[in-house]
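Listed here are the chains, written in short residue letters.
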Amino acid sequence: MKTRVVWCVLFLACWLALVLAEPTRTFALWNLVVQLVIFVPTACVPAWRTGRMSYVDFAWPCGLAAVGVQTFFFAESLTPLTLTVAVFYTVVGTRMSVWGALLYKPGWLTAELPRYQYQRRRWERAGFRSERVSVQYEILVQAMANASFLALPALLISTNASSRLVAWEYAAIALGLVAWSFESLADLQKRRFLGGYARTGRDICDVGLWRHSRHPNYFGQWMQWVALVALAAPSAFALHDRVPPAALLVLSLALLWVVRMMYSTMVHYTGAVPAEYFSVRKRPAYAEYQATVNRFFPGPRRPAAASRRP
């Protein structure tokens, strides 16, 4: 319960700082409404009826796409920078939500997705008794993340009316494109592997990028958030004379926290750890894969005898 309270306080602090800062106030208020309009009917209500949290896999990316669309309307000026972040959020969110839409196809979601099955183990260990309440809490946590930390780069950049990109911003955009390409290549390699599974009989995907990271797709997603934070940094600095110092401090710390929060999400919360809990039980050979390949950061393979798992 203490952890849940802490997260609620963090989300509220970030959102209040955005509201207290006049340049981001209107965007922040509207974004909260938009996220609730998306999450309540597409995730909260279906989850309450079925007990399945998996519907959030549509609501969350749809909410990110909505942040991008709103940026077109709330940016102080449509410059190369604001257009870049608006398009990025819209494209990335839409891409993920297209897959998430399959959850509503009749007969497709017959059981909770594995990562949310794993969440129930956490709730049990924590002593939470009401599964229904826990499901709603977890869904609304992701809604609040979209209303605060995950929207933060877009909101900060929306205040930047400069018509010219600086070298730092060019570098951040380049990093974002490389990270997106990295994730896309990892996804393509995984699909090709699964397509040939019946023919080869191999049950561990260790081809291409997957030879050097057990979750290169998650690493690519995380690096995109690193790029977004880097892209928003000059815009945050430019607000030093437009917002209260306390609010600017909170927003600056929150921007840095996005990197840590998304790393924790990709590795521990809904990413690598839940996925591997089931993988190692379904496929005995996965234990050797864990022993020889880095979990998250790509790197050289280790001898099979090594058992260290970074």
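Not measured: the values here are computed from a predicted model. (Residues numbered from 1 in each chain as written. Predicted model: local features only at pLDDT ≥ 70, side-chain atom pairs only at ≥ 80, totals over all residues. Heavy atoms only, no water.)

(A) How the structure looks around the overall build of the chain. Broken down by element type, the chain carries 13 helices and 0 strands. Listing every helix and strand of the chain by position from the N terminus yields α-α-α-α-α-α-α-α-α-α-α-α-α. At 20 Å, the chain has a C-alpha radius of gyration in line with the 19 Å of a compact globule built from 310 residues. Structurally, the chain occupies a C-alpha span of about 60 × 45 × 35 Å along its principal axes. Counting only residues that meet the buried cut, the chain has 50% of its 310 residues in that class. (Helix = DSSP H or I, 4+ residues; strand = E, 2+ residues; numbered from the N terminus. Rg over C-alpha atoms; globule rule 2.2 N^0.38 Å. Buried < 20%, exposed > 50% of the residue type's maximum accessible area, 1.4 Å probe, protein only.)

(B) Region of interest: the layout of surface pockets. The space that makes up the second largest pocket amounts to roughly 230 Å³. Lining the second largest pocket we find 13 residues, and of these Thr-84, Phe-88, Ile-173, Gly-176 and Leu-177 sit closest to its centre. For the lining of the second largest pocket, the secondary-structure elements that each account for two or more residues are α4 (80–100), α8 (167–195) and α10 (216–237). Counted by class, the lining of the second largest pocket contains 11 nonpolar, 2 polar and no charged residues. (1 Å grid on protein atoms, 1.4 Å probe; cavity = no way out; pocket = protein on both sides within 12 Å on 5 of 7 lines; lining within 4 Å. Points joined across faces, edges and corners; volume = space filled by probe spheres on them. Nonpolar A, V, L, I, M, F, W, Y, C, P; charged D, E, K, R; others polar.)

(C) Summary view of empty space enclosed by the protein. With the rule as written, the count across this model stands at 1 cavity of 30 Å³ or more. Lining the largest cavity are 14 residues, with Leu-64, Val-92, Met-96, Gln-224 and Trp-225 positioned closest to its centre. Every element with two or more residues in the lining of the largest cavity is listed here: α3 (56–74), α4 and α10. Considering every element that reaches the lining of the largest cavity, the biggest residue donor is α4, with 6 residues. Across the lining of the largest cavity, the residue classes tally to 9 nonpolar, 3 polar and 2 charged.

(D) Molecular detail of the nonpolar core. In this structure, Ile-139 and Met-262 are the most contacted members of the largest nonpolar core, which totals 72 residues. Considering every element that reaches this core, the biggest residue donor is α10, with 11 residues. Not counting the four nearest positions on each side in its chain, Ile-139 is found in contact with Phe-39, Ala-43, Cys-44, Ala-47, Met-53 and Val-56. The next biggest cluster of nonpolar side chains, apart from the first, holds 9 residues, and it includes Ala-186, Phe-193, Cys-205 and Val-293. (Core = buried A, V, L, I, M, F, W, Y, C linked by side-chain atoms within 4.5 Å. Contact = heavy atoms within 4.5 Å.)

(E) Summary view of the packing of helix α5 (residues 114–126) against helix α6 (residues 131–147). The interhelical angle for the contact between α5 and α6, taken along N-to-C directions, is 115°, at an axis separation of 11 Å. Viewed along their axes, α5 and α6 form a crossing whose handedness is right-handed. Residue-level inspection shows Tyr-116, Gln-119, Arg-120 and Trp-123 of α5 in contact with α6, the latter providing Glu-131, Ser-134, Val-135, Glu-138 and Gln-142. Here the contact of α5 with α6 is built from residues that sort into 3 nonpolar, 3 polar and 3 charged. (Axes fitted to C-alpha atoms, helices over the stretch in contact; angles between N-to-C directions. Left-handed = near helix turned anticlockwise from the far one by under 90°.)

Scope: geometric values only; no functional claims are made or implied.
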